[in-house]
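# Residue-level structure breakdown
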Amino acid sequence: MAIQSIRLFGDPVLRTPAEPVKDFDKELRKLVKDLTDTMMDAPGAGLAAPQIGVGLRVFTYYVDEQLGHLINPDLDLSEDKDEEGEEGCLSFPGLSFPTPRAIRAVATGLNMHGEPVTLEGTDLMARCFQHETDHLDGVLFIDRMDLKQRKLAMKEIREAEWSGLSAPAFKFSPHATHGKAL
Ligand SMILES: [Zn+2]
């Protein structure tokens, strides 16, 4: 197990677009393992490399008992959206808010061996692919909310006990995210 500290909202790494992976080497396999271990420990439904301070386009997911990872993802989204679905984020511990997302997503990319992968997801899986790919662009779920919802969310974020604590060593309760955080 190689559990890493999860970076919290306020850490600039979460706002920095990640670089495409070019080397499919041992180091990349270690990164996928670290992301997987950290995500499962949290627990969360998804985790992107910038959330553990690594600026590479890699994420892991664990949705509907399907565990996997995707590298250099590209998304094709359905027109129809779920406007009301609740979404959380491991970088915003304990909080979740209605966040509009496409209901279906086809994610293409590579696995850790550099082989092409196509993943199809609906509902929570589709939401996860969108949330994690956003992380790789420095985009956070609060950016996907309408103005009114974002204002409500920012108020709760400012009042959260971890607010302003972007120190990587901060530890939070694994129960706070209700298993929905991404
Ligand atoms: Zn997140």
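About the criteria used
- Note that residues are indexed from 1 along each chain, following the sequence as it is written.
- The model is predicted, so local features are restricted to residues of pLDDT at least 70 and side-chain atom pairs to those at 80 or more, both for listing and for counting; the totals for chains, interfaces and linings are taken over all residues.
- Only heavy atoms go into the side-chain values, all of them from the structure, while hydrogens and water stay out.
- Note on conventions: DSSP H or I runs of at least 4 residues are helices, E runs of at least 2 residues are strands, and numbering of each starts at the N terminus.
- When accessible area is computed with a 1.4 Å probe and restricted to protein chains, residues below 20% of their type maximum are described as buried, those above 50% as exposed, and intermediate ones as partly exposed.
- Any pair of nitrogen or oxygen atoms within 3.5 Å is treated as a polar contact; in protein, a donor-acceptor pairing is required on top of that, and neighbouring residues in sequence qualify only through side-chain atoms on both sides.
- UniProt positions are given in the numbering used here, feature names are shortened, and annotations may be inferred rather than shown by experiment.
- Every residue pair with non-hydrogen atoms within 4.5 Å of one another is taken to be in contact.
- Any carboxyl oxygen of Asp or Glu within 4 Å of a side-chain nitrogen of Lys or Arg constitutes a salt bridge here.

What follows covers the environment of Arg104. You can see Arg104 is positioned in strand β8 (residues 104-110). By relative accessible area, which is 40% here, Arg104 ends up partly exposed. Sequence separation of Arg104 and Met125 is 21 residues, and the distance between their C-alpha atoms is 8.3 Å. For Arg104, the side chain forms a polar contact with the side chain of Asp80, separated by 3.2 Å.

Now for the UniProt feature "binding site: Fe cation" (unreviewed entry) in the protein. Residues given the UniProt feature "binding site: Fe cation" (unreviewed entry) here are Cys89, His131 and His135. Their sequence span is 47 residues, while the largest C-alpha to C-alpha distance among them is just 10.2 Å; these annotated residues converge on one region. You can see Cys89 is positioned in the loop between β5 (86-88) and β6 (96-98). With near-sequence residues (within four places) excluded, Cys89 lies in contact with Gln51, Leu95, His131, His135, Phe141, Ala181 and Leu182. Locating His135 in the fold gives a position in helix α2 (residues 123-136). Those residues in contact with His135, other than ones at most four positions away along the chain, are Ala48, Pro50, Gln51, Cys89, Leu140 and Leu182. At 3.5 Å, the side chain of His135 forms a polar contact with the side chain of Gln51.

Let's shift gears to the UniProt feature "active site" (unreviewed entry) in the protein. UniProt feature "active site" (unreviewed entry): in the numbering of this structure it lies at Glu132. Looking at the secondary structure, you find Glu132 in helix α2. Of the residues examined, Glu132 reaches a relative accessible area of 0% and is grouped as buried.

By the definition in use, this model includes twelve salt bridges. Measuring nitrogen to oxygen at the nearest pair gives 3.0 Å for the salt bridge that ties Asp11 to Arg7. Overall, the relative accessible area of 10% leaves Asp11 in the buried class. In this structure, Glu159 and Lys155 form a salt bridge, with 3.2 Å as the shortest nitrogen-oxygen distance. A residue pair is termed a helical-turn pair when its members lie 3 or 4 positions apart in one helix, as Glu159 and Lys155 do in helix α3 (residues 147-159) at four residues. Taken together, the shared-partner salt bridges connect Asp82, Glu87, Arg101, Arg127, Asp134 and Arg144 into one network.

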